[in-house]
Amino acid sequence: MWMEKLRHRGTDWSGLHCYQDCYQDCYLAHQRLAIVDPTSGDQSLYNENKSVVVTVNGEIYNHKDLREKLSHHKFRTGNDCEVIAHLYGEDFVDMLDGMFSFVLLDTRDKSFIAARDAIGITPLYMGWGLDGSTWFASEMKALSDDCEQFTTFLPGHIYSSKNGGLRRWFNPPWFTELTPSVPYDPLVLRTTFERAVLKRLMTDVPFGGYLYLHKAPNKDELHQETCRKIKALHLYDCLRANKSTSAWGLEARVPFLDKEFINVAMSIDPEWKMIRPDLGRVEKWILRNAFDDEKKSYLPKHILYRQKEQFSDGVGYSWIDGLKDHANTHVTDAMLTHASFIYPENTPTTKEAYYYRTIFEKFFPKNAARQTVPGGPSIACSIAKAVEWDAAWSKNLDPSGRAALGVHEAAYVEETTEAKTFKHEHREKVKQITKKESAQV
(Lines give C-alpha, C1' and ligand atoms only; values in the text may rest on other atoms or scores of the structure.)
Protein backbone atom coordinates (compact mmCIF):
# COMPACT_ATOMS: atom_id res chain seq x y z
CA MET A 1 0.00 0.00 0.00
CA TRP A 2 1.38 3.40 -0.96
CA MET A 3 0.44 4.93 2.40
CA GLU A 4 2.78 2.52 4.15
CA LYS A 5 5.66 3.71 2.00
CA LEU A 6 5.29 7.25 3.35
CA ARG A 7 4.41 6.45 6.96
CA HIS A 8 7.83 7.70 8.12
CA ARG A 9 6.89 11.23 7.04
CA GLY A 10 4.14 11.48 9.64
CA THR A 11 3.74 8.96 12.43
CA ASP A 12 1.00 10.78 14.37
CA TRP A 13 -1.97 10.04 12.11
CA SER A 14 -2.97 8.27 8.90
CA GLY A 15 -5.88 9.81 7.02
CA LEU A 16 -7.69 8.62 3.89
CA HIS A 17 -10.55 10.32 2.05
CA CYS A 18 -12.25 8.30 -0.68
CA TYR A 19 -14.56 9.92 -3.21
CA GLN A 20 -16.29 7.57 -5.63
CA ASP A 21 -18.90 7.94 -8.35
CA CYS A 22 -19.81 6.04 -11.48
CA TYR A 23 -17.12 7.80 -13.51
CA GLN A 24 -14.02 7.88 -11.34
CA ASP A 25 -12.49 7.18 -7.95
CA CYS A 26 -10.41 9.73 -6.09
CA TYR A 27 -8.31 9.06 -3.01
CA LEU A 28 -6.62 11.64 -0.80
CA ALA A 29 -4.20 10.07 1.68
CA HIS A 30 -2.10 11.77 4.34
CA GLN A 31 0.53 10.85 6.92
CA ARG A 32 0.47 13.53 9.58
CA LEU A 33 3.24 14.94 11.74
CA ALA A 34 1.20 17.02 14.20
CA ILE A 35 2.70 20.50 14.61
CA VAL A 36 -0.27 22.90 14.74
CA ASP A 37 -3.52 21.83 16.46
CA PRO A 38 -2.29 18.29 17.21
CA THR A 39 -5.58 17.17 18.78
CA SER A 40 -8.14 18.04 16.09
CA GLY A 41 -6.26 19.01 12.96
CA ASP A 42 -6.11 15.60 11.28
CA GLN A 43 -6.37 15.47 7.50
CA SER A 44 -8.06 15.44 5.06
CA LEU A 45 -9.38 18.99 5.60
CA TYR A 46 -12.69 20.41 4.36
CA ASN A 47 -14.70 23.56 3.78
CA GLU A 48 -18.05 24.07 5.57
CA ASN A 49 -20.15 21.57 3.60
CA LYS A 50 -17.28 19.22 2.72
CA SER A 51 -17.64 19.91 -0.98
CA VAL A 52 -13.96 20.90 -1.07
CA VAL A 53 -11.41 18.42 0.27
CA VAL A 54 -7.67 19.04 0.62
CA THR A 55 -4.61 17.18 1.85
CA VAL A 56 -1.51 19.24 2.57
CA ASN A 57 2.13 18.74 3.41
CA GLY A 58 3.55 21.88 5.01
CA GLU A 59 2.66 24.91 7.09
CA ILE A 60 0.86 28.18 6.33
CA TYR A 61 2.49 30.88 8.45
CA ASN A 62 -0.10 33.58 7.78
CA HIS A 63 -3.11 31.35 8.45
CA LYS A 64 -4.36 33.52 11.33
CA ASP A 65 -4.44 36.64 9.15
CA LEU A 66 -6.21 34.70 6.43
CA ARG A 67 -8.79 33.37 8.89
CA GLU A 68 -9.62 36.94 9.91
CA LYS A 69 -10.28 37.80 6.27
CA LEU A 70 -12.49 34.71 6.06
CA SER A 71 -14.54 35.63 9.13
CA HIS A 72 -17.78 34.63 7.39
CA HIS A 73 -16.46 31.07 7.01
CA LYS A 74 -16.90 28.36 9.63
CA PHE A 75 -13.69 26.47 10.38
CA ARG A 76 -13.72 22.90 11.64
CA THR A 77 -10.22 22.71 13.16
CA GLY A 78 -7.31 24.86 14.25
CA ASN A 79 -5.09 23.34 11.57
CA ASP A 80 -3.18 26.09 9.74
CA CYS A 81 -3.70 24.37 6.40
CA GLU A 82 -7.51 24.38 6.60
CA VAL A 83 -7.54 27.90 5.17
CA ILE A 84 -6.69 26.38 1.77
CA ALA A 85 -10.08 24.66 1.56
CA HIS A 86 -11.83 27.97 2.32
CA LEU A 87 -9.66 30.18 0.08
CA TYR A 88 -10.09 27.92 -2.95
CA GLY A 89 -10.94 29.98 -5.99
CA GLU A 90 -9.17 31.99 -8.67
CA ASP A 91 -5.50 32.79 -8.06
CA PHE A 92 -5.56 32.12 -4.31
CA VAL A 93 -2.25 30.27 -4.01
CA ASP A 94 -0.16 33.46 -3.99
CA MET A 95 -2.02 34.51 -0.82
CA LEU A 96 -0.35 31.66 1.08
CA ASP A 97 2.80 32.45 3.02
CA GLY A 98 4.49 29.21 3.90
CA MET A 99 5.89 25.94 2.67
CA PHE A 100 3.42 23.54 1.13
CA SER A 101 2.43 20.93 -1.38
CA PHE A 102 -1.25 20.12 -1.63
CA VAL A 103 -3.90 18.34 -3.66
CA LEU A 104 -7.46 19.72 -3.56
CA LEU A 105 -10.61 18.00 -4.78
CA ASP A 106 -13.75 19.94 -5.71
CA THR A 107 -16.56 17.37 -5.51
CA ARG A 108 -19.06 19.79 -7.07
CA ASP A 109 -17.59 19.43 -10.55
CA LYS A 110 -15.25 16.48 -9.85
CA SER A 111 -12.16 18.57 -10.64
CA PHE A 112 -8.89 18.76 -8.73
CA ILE A 113 -5.83 20.98 -8.47
CA ALA A 114 -2.34 20.49 -7.07
CA ALA A 115 0.17 23.17 -6.13
CA ARG A 116 3.65 23.54 -4.69
CA ASP A 117 5.24 26.39 -2.75
CA ALA A 118 7.30 29.12 -4.40
CA ILE A 119 10.76 27.62 -3.95
CA GLY A 120 9.93 23.94 -3.56
CA ILE A 121 10.71 23.55 0.14
CA THR A 122 8.31 20.62 0.41
CA PRO A 123 8.70 17.89 -2.22
CA LEU A 124 6.03 16.88 -4.72
CA TYR A 125 6.00 14.42 -7.62
CA MET A 126 3.37 13.82 -10.27
CA GLY A 127 2.75 10.53 -12.08
CA TRP A 128 0.50 8.85 -14.62
CA GLY A 129 -0.79 5.28 -14.65
CA LEU A 130 -1.50 3.12 -17.69
CA ASP A 131 -5.17 3.16 -16.71
CA GLY A 132 -5.37 6.95 -17.22
CA SER A 133 -5.01 7.80 -13.55
CA THR A 134 -3.11 10.84 -12.24
CA TRP A 135 -1.04 10.58 -9.07
CA PHE A 136 0.69 12.98 -6.67
CA ALA A 137 3.04 12.12 -3.81
CA SER A 138 5.74 13.63 -1.60
CA GLU A 139 8.24 10.92 -2.52
CA MET A 140 8.87 8.82 -5.64
CA LYS A 141 8.63 5.56 -3.75
CA ALA A 142 4.84 6.03 -3.51
CA LEU A 143 4.55 6.29 -7.30
CA SER A 144 7.14 3.88 -8.70
CA ASP A 145 4.94 0.76 -8.57
CA ASP A 146 1.69 2.23 -9.94
CA CYS A 147 2.88 4.89 -12.40
CA GLU A 148 4.35 4.24 -15.81
CA GLN A 149 5.79 7.76 -15.83
CA PHE A 150 6.40 10.30 -13.08
CA THR A 151 8.24 13.58 -12.76
CA THR A 152 9.12 16.36 -10.35
CA PHE A 153 6.26 18.81 -9.82
CA LEU A 154 7.77 22.24 -10.45
CA PRO A 155 7.86 24.69 -7.52
CA GLY A 156 5.77 27.84 -7.80
CA HIS A 157 3.35 26.03 -10.12
CA ILE A 158 -0.26 24.85 -10.01
CA TYR A 159 -1.93 22.00 -11.92
CA SER A 160 -5.62 22.00 -12.80
CA SER A 161 -7.48 18.95 -14.08
CA LYS A 162 -9.81 21.32 -15.93
CA ASN A 163 -7.09 22.94 -17.97
CA GLY A 164 -4.37 20.28 -17.89
CA GLY A 165 -0.69 21.11 -17.65
CA LEU A 166 1.21 23.28 -15.18
CA ARG A 167 0.93 27.06 -14.76
CA ARG A 168 3.41 29.17 -12.84
CA TRP A 169 1.72 31.17 -10.07
CA PHE A 170 4.91 32.57 -8.52
CA ASN A 171 6.22 35.48 -10.59
CA PRO A 172 8.65 37.61 -8.53
CA PRO A 173 10.64 40.45 -10.14
CA TRP A 174 13.95 38.57 -9.87
CA PHE A 175 12.65 35.62 -11.90
CA THR A 176 13.53 37.48 -15.11
CA GLU A 177 17.21 37.49 -14.02
CA LEU A 178 17.52 41.17 -14.92
CA THR A 179 20.16 42.85 -12.76
CA PRO A 180 18.49 44.88 -9.94
CA SER A 181 19.67 48.26 -8.68
CA VAL A 182 18.14 48.75 -5.21
CA PRO A 183 20.80 50.10 -2.78
CA TYR A 184 21.94 47.81 0.01
CA ASP A 185 20.29 48.56 3.35
CA PRO A 186 21.59 46.23 6.08
CA LEU A 187 18.75 47.13 8.47
CA VAL A 188 16.06 46.21 5.94
CA LEU A 189 17.78 42.88 5.20
CA ARG A 190 18.19 42.11 8.90
CA THR A 191 14.64 42.94 9.99
CA THR A 192 13.18 41.01 7.07
CA PHE A 193 15.15 37.95 8.07
CA GLU A 194 14.16 38.34 11.72
CA ARG A 195 10.50 38.37 10.70
CA ALA A 196 11.09 35.25 8.62
CA VAL A 197 12.54 33.44 11.64
CA LEU A 198 9.79 34.54 14.03
CA LYS A 199 6.93 33.43 11.80
CA ARG A 200 8.51 29.96 11.60
CA LEU A 201 8.35 29.55 15.35
CA MET A 202 4.62 28.95 14.91
CA THR A 203 3.96 25.60 16.58
CA ASP A 204 1.84 24.04 19.25
CA VAL A 205 4.25 21.34 20.17
CA PRO A 206 20.62 33.68 -1.41
CA PHE A 207 23.15 36.22 -0.96
CA GLY A 208 26.32 35.69 -2.78
CA GLY A 209 26.97 32.83 -0.40
CA TYR A 210 28.70 30.02 -2.27
CA LEU A 211 32.49 29.81 -2.23
CA TYR A 212 32.72 29.45 -6.00
CA LEU A 213 31.13 32.90 -6.36
CA HIS A 214 34.56 34.32 -5.50
CA LYS A 215 35.25 33.78 -9.21
CA ALA A 216 32.15 35.57 -10.55
CA PRO A 217 33.54 37.86 -13.29
CA ASN A 218 30.97 40.63 -12.79
CA LYS A 219 27.79 41.49 -10.95
CA ASP A 220 25.51 40.50 -13.84
CA GLU A 221 26.82 36.95 -13.98
CA LEU A 222 26.74 36.71 -10.18
CA HIS A 223 23.07 37.75 -10.12
CA GLN A 224 22.15 35.36 -12.92
CA GLU A 225 23.89 32.49 -11.14
CA THR A 226 22.07 33.35 -7.91
CA CYS A 227 18.74 33.33 -9.75
CA ARG A 228 19.56 29.96 -11.31
CA LYS A 229 20.51 28.55 -7.91
CA ILE A 230 17.23 29.58 -6.29
CA LYS A 231 15.22 28.20 -9.19
CA ALA A 232 17.01 24.85 -8.82
CA LEU A 233 16.97 24.58 -5.01
CA HIS A 234 14.03 22.17 -5.14
CA LEU A 235 16.30 19.66 -6.89
CA TYR A 236 19.14 19.90 -4.37
CA ASP A 237 19.22 21.46 -0.89
CA CYS A 238 15.44 21.58 -0.35
CA LEU A 239 15.03 17.96 -1.38
CA ARG A 240 17.92 16.78 0.77
CA ALA A 241 16.82 18.75 3.85
CA ASN A 242 13.20 17.63 3.62
CA LYS A 243 13.81 13.93 2.99
CA SER A 244 16.60 13.54 5.53
CA THR A 245 14.47 15.10 8.29
CA SER A 246 11.14 13.58 7.28
CA ALA A 247 12.73 10.12 7.35
CA TRP A 248 12.85 10.55 11.12
CA GLY A 249 9.52 12.29 11.69
CA LEU A 250 11.04 15.78 11.85
CA GLU A 251 10.35 19.01 9.98
CA ALA A 252 13.03 21.54 9.07
CA ARG A 253 12.43 25.30 8.95
CA VAL A 254 14.15 27.42 6.29
CA PRO A 255 13.67 31.17 6.96
CA PHE A 256 16.22 32.02 4.26
CA LEU A 257 13.62 30.83 1.73
CA ASP A 258 10.91 33.13 3.01
CA LYS A 259 9.23 34.80 0.01
CA GLU A 260 9.55 38.31 1.42
CA PHE A 261 13.17 37.81 2.44
CA ILE A 262 14.15 36.40 -0.96
CA ASN A 263 12.48 39.30 -2.77
CA VAL A 264 14.31 41.84 -0.57
CA ALA A 265 17.66 40.09 -0.93
CA MET A 266 17.29 39.59 -4.68
CA SER A 267 16.34 43.23 -5.26
CA ILE A 268 19.70 44.48 -3.94
CA ASP A 269 22.24 45.68 -6.49
CA PRO A 270 24.52 42.61 -6.87
CA GLU A 271 27.58 44.86 -6.83
CA TRP A 272 27.20 44.67 -3.03
CA LYS A 273 27.32 40.86 -3.25
CA MET A 274 30.55 40.73 -5.24
CA ILE A 275 33.33 39.20 -3.14
CA ARG A 276 35.92 41.94 -2.71
CA PRO A 277 38.90 41.03 -0.49
CA ASP A 278 40.27 44.54 -1.00
CA LEU A 279 37.16 45.91 0.74
CA GLY A 280 36.95 43.16 3.33
CA ARG A 281 33.93 41.55 1.68
CA VAL A 282 33.88 37.78 1.98
CA GLU A 283 31.14 35.45 0.81
CA LYS A 284 27.71 36.35 2.27
CA TRP A 285 29.09 39.73 3.31
CA ILE A 286 25.77 41.59 2.99
CA LEU A 287 24.17 39.17 5.45
CA ARG A 288 27.11 39.06 7.85
CA ASN A 289 27.33 42.85 7.83
CA ALA A 290 23.59 43.18 8.48
CA PHE A 291 24.06 41.27 11.74
CA ASP A 292 27.32 42.97 12.70
CA ASP A 293 25.73 45.11 15.41
CA GLU A 294 27.55 45.85 18.67
CA LYS A 295 24.33 46.72 20.50
CA LYS A 296 22.27 43.76 19.28
CA SER A 297 24.66 40.99 18.36
CA TYR A 298 23.64 37.41 17.70
CA LEU A 299 27.08 35.88 17.11
CA PRO A 300 30.70 36.61 18.09
CA LYS A 301 32.49 38.24 15.17
CA HIS A 302 34.97 35.40 14.70
CA ILE A 303 31.96 33.15 14.08
CA LEU A 304 30.07 35.76 12.05
CA TYR A 305 32.98 36.19 9.62
CA ARG A 306 34.46 32.71 9.45
CA GLN A 307 34.69 30.92 6.12
CA LYS A 308 31.48 29.49 4.70
CA GLU A 309 31.29 25.72 4.40
CA GLN A 310 29.31 23.74 1.86
CA PHE A 311 26.26 21.88 3.17
CA SER A 312 28.05 18.53 2.82
CA ASP A 313 31.41 19.69 4.19
CA GLY A 314 29.76 20.98 7.34
CA VAL A 315 29.50 17.45 8.73
CA GLY A 316 33.30 17.21 8.79
CA TYR A 317 35.96 16.69 6.14
CA SER A 318 36.89 13.27 7.54
CA TRP A 319 33.38 11.94 6.97
CA ILE A 320 33.32 13.16 3.37
CA ASP A 321 36.78 11.73 2.71
CA GLY A 322 35.70 8.50 4.39
CA LEU A 323 32.74 8.17 2.01
CA LYS A 324 35.08 8.60 -0.96
CA ASP A 325 37.45 5.95 0.41
CA HIS A 326 34.49 3.61 0.95
CA ALA A 327 33.34 4.13 -2.64
CA ASN A 328 36.86 3.42 -3.91
CA THR A 329 36.77 -0.01 -2.29
CA HIS A 330 33.48 -0.89 -4.02
CA VAL A 331 34.00 0.60 -7.48
CA THR A 332 36.91 -0.63 -9.56
CA ASP A 333 38.78 1.28 -12.27
CA ALA A 334 37.21 -0.99 -14.88
CA MET A 335 33.71 -0.24 -13.58
CA LEU A 336 34.28 3.50 -13.86
CA THR A 337 35.82 3.11 -17.33
CA HIS A 338 32.68 1.37 -18.56
CA ALA A 339 30.28 3.68 -16.71
CA SER A 340 28.95 5.23 -19.94
CA PHE A 341 27.78 1.80 -21.12
CA ILE A 342 26.09 0.89 -17.84
CA TYR A 343 24.66 4.37 -17.20
CA PRO A 344 24.41 6.17 -20.55
CA GLU A 345 22.18 8.86 -19.07
CA ASN A 346 23.79 11.27 -16.61
CA THR A 347 26.92 9.10 -16.52
CA PRO A 348 28.81 9.20 -13.19
CA THR A 349 32.35 10.54 -13.57
CA THR A 350 33.79 9.57 -10.16
CA LYS A 351 33.80 6.39 -8.12
CA GLU A 352 31.81 8.13 -5.40
CA ALA A 353 29.11 9.16 -7.89
CA TYR A 354 29.11 5.66 -9.39
CA TYR A 355 28.61 4.10 -5.96
CA TYR A 356 25.65 6.38 -5.16
CA ARG A 357 24.16 5.64 -8.57
CA THR A 358 24.15 1.89 -7.92
CA ILE A 359 22.21 2.46 -4.69
CA PHE A 360 19.71 4.74 -6.43
CA GLU A 361 19.14 2.29 -9.30
CA LYS A 362 18.50 -0.53 -6.83
CA PHE A 363 15.51 1.29 -5.35
CA PHE A 364 14.38 3.26 -8.42
CA PRO A 365 15.09 1.24 -11.58
CA LYS A 366 12.65 3.09 -13.84
CA ASN A 367 13.92 5.64 -16.32
CA ALA A 368 11.35 8.14 -15.02
CA ALA A 369 13.18 8.16 -11.67
CA ARG A 370 16.54 8.80 -13.37
CA GLN A 371 15.15 11.83 -15.14
CA THR A 372 14.24 13.54 -11.85
CA VAL A 373 17.95 13.79 -10.96
CA PRO A 374 19.79 16.72 -12.59
CA GLY A 375 23.23 16.26 -14.09
CA GLY A 376 25.96 18.25 -15.76
CA PRO A 377 29.31 19.63 -14.58
CA SER A 378 29.44 21.36 -11.19
CA ILE A 379 32.09 22.83 -8.95
CA ALA A 380 31.38 23.22 -5.23
CA CYS A 381 27.62 22.87 -5.89
CA SER A 382 27.55 25.38 -8.74
CA ILE A 383 25.30 25.42 -11.76
CA ALA A 384 27.11 24.23 -14.91
CA LYS A 385 27.57 27.77 -16.25
CA ALA A 386 29.82 28.78 -13.34
CA VAL A 387 32.40 26.11 -14.23
CA GLU A 388 33.41 28.40 -17.10
CA TRP A 389 34.63 31.06 -14.67
CA ASP A 390 37.93 29.29 -13.98
CA ALA A 391 39.76 27.00 -16.43
CA ALA A 392 41.21 24.88 -13.60
CA TRP A 393 37.76 24.00 -12.29
CA SER A 394 36.79 21.85 -15.27
CA LYS A 395 39.52 19.41 -14.20
CA ASN A 396 38.38 19.26 -10.58
CA LEU A 397 34.60 18.82 -10.66
CA ASP A 398 33.44 18.01 -7.15
CA PRO A 399 30.47 19.11 -4.98
CA SER A 400 32.72 19.89 -2.01
CA GLY A 401 33.61 23.50 -1.27
CA ARG A 402 37.22 22.33 -1.13
CA ALA A 403 37.05 21.92 -4.89
CA ALA A 404 36.95 25.72 -5.19
CA LEU A 405 40.67 25.95 -5.88
CA GLY A 406 42.24 29.22 -4.86
CA VAL A 407 39.32 30.03 -2.55
CA HIS A 408 38.78 27.43 0.17
CA GLU A 409 41.21 27.38 3.08
CA ALA A 410 41.45 23.60 2.80
CA ALA A 411 41.35 23.28 -1.01
CA TYR A 412 42.31 19.94 -2.49
CA VAL A 413 45.48 21.00 -4.37
CA GLU A 414 48.31 23.50 -4.24
CA GLU A 415 47.09 27.06 -4.70
CA THR A 416 48.42 30.19 -6.31
CA THR A 417 50.39 32.81 -4.42
CA GLU A 418 47.49 35.24 -4.87
CA ALA A 419 45.03 32.80 -3.29
CA LYS A 420 47.34 32.09 -0.38
CA THR A 421 47.76 35.83 0.23
CA PHE A 422 43.99 36.35 0.30
CA LYS A 423 43.41 33.50 2.73
CA HIS A 424 46.25 34.65 4.96
CA GLU A 425 44.79 38.15 5.11
CA HIS A 426 41.33 36.72 5.86
CA ARG A 427 42.67 34.56 8.71
CA GLU A 428 44.58 37.51 10.14
CA LYS A 429 41.42 39.61 10.07
CA VAL A 430 39.50 36.93 11.99
CA LYS A 431 42.34 36.69 14.54
CA GLN A 432 42.27 40.45 15.08
CA ILE A 433 38.51 40.39 15.60
CA THR A 434 38.83 37.52 18.08
CA LYS A 435 41.61 39.32 19.97
CA LYS A 436 39.51 42.49 20.12
CA GLU A 437 36.49 40.60 21.48
CA SER A 438 38.64 38.90 24.14
CA ALA A 439 40.00 42.26 25.23
CA GLN A 440 36.47 43.66 25.54
CA VAL A 441 35.41 40.71 27.67
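Residues numbered from 1 in each chain as written. Predicted model: local features only at pLDDT ≥ 70, side-chain atom pairs only at ≥ 80, totals over all residues. Heavy atoms only, no water.

Under an unreviewed UniProt entry, the name given to the protein chain is Glutamine amidotransferase type-2 domain-containing protein, and the organism recorded is Kalanchoe fedtschenkoi.

Trainee: Could you clarify how one ought to interpret the sheet that holds strand β10 (residues 157–160) in this entry?
Mentor: Where strands meet in a sheet, backbone hydrogen bonds hold them as pairs that are either parallel or antiparallel. One open sheet accounts for six strands, arranged β3-β4-β5-β6-β10-β11; its pairing is antiparallel. Strands at the two margins of the open sheet, each flanked by one partner only, are β3 (45–46) and β11 (166–168). For strand β6 (residues 111–116) and β10, the ladder comprises three bridges, and the chain directions are antiparallel. Along β10, the bridge assignment pairs Ala114 with Tyr159. (Pairing = 2+ DSSP bridges. Helix = DSSP H or I, 4+ residues; strand = E, 2+ residues; numbered from the N terminus.)

Trainee: What's the story with the packing of helix α10 (residues 317–330) against helix α13 (residues 351–363) in this structure? I'm lost.
Mentor: Helix-helix packing is described using two parameters, namely the angle between the two axes and the distance between the axes. Closest axis-to-axis distance for the α10/α13 pair is 8 Å, and the angle between their directions is 75°. The orientation of α10 relative to α13 falls into the category roughly perpendicular. Within the contact between the two elements, α10 uses Leu323, Lys324, His326, Ala327, Asn328 and His330 and α13 uses Lys351, Glu352, Tyr355 and Tyr356. Tallied by class, the residues present in the contact of α10 with α13 amount to four nonpolar, three polar and three charged. (Axes fitted to C-alpha atoms, helices over the stretch in contact; angles between N-to-C directions. Parallel < 35°, antiparallel > 145°, perpendicular 65-115°, else oblique. Contact = heavy atoms within 4.5 Å. Nonpolar A, V, L, I, M, F, W, Y, C, P; charged D, E, K, R; others polar.)

Trainee: How do you make sense of empty space enclosed by the protein when you look at a structure like this?
Mentor: Once rolled over the atoms, a probe with the size of a water molecule shows which space is left empty. Taken as a whole, the second largest cavity spans an internal volume of roughly 40 Å³. Considering the residues around the second largest cavity, the lining is formed by Asp97, Gly98, Asp117, Ala118, Ile119, Ile121, Arg200, Leu257, Asp258 and Lys259. The residue makeup of the lining of the second largest cavity, split by class, is four nonpolar, one polar and five charged. Residues lining the lining of the second largest cavity come from more than one domain, with at least three contributed by each of domain 1 (2–168) and domain 2 (174–308). (1 Å grid on protein atoms, 1.4 Å probe; cavity = no way out; pocket = protein on both sides within 12 Å on 5 of 7 lines; lining within 4 Å. Points joined across faces, edges and corners; volume = space filled by probe spheres on them. Domains from an automatic or database assignment.)

Trainee: I keep staring at the sheet that holds strand β9 (residues 149–152) and nothing clicks. Help me out?
Mentor: On the basis of which strands lie adjacent, the open sheet formed by three strands has the order β8-β7-β9 and antiparallel pairing. On the outer flanks of this sheet lie β8 (134–137) and β9, each paired with one strand and no other. Pairwise comparison of adjacent strand axes, ignoring direction, gives a mean angle of 20° for this sheet. Pairing geometry for strand β7 (residues 125–128) and β9, over four bridges, is antiparallel. Bridge pairing links Tyr125 to Thr152 in β9.

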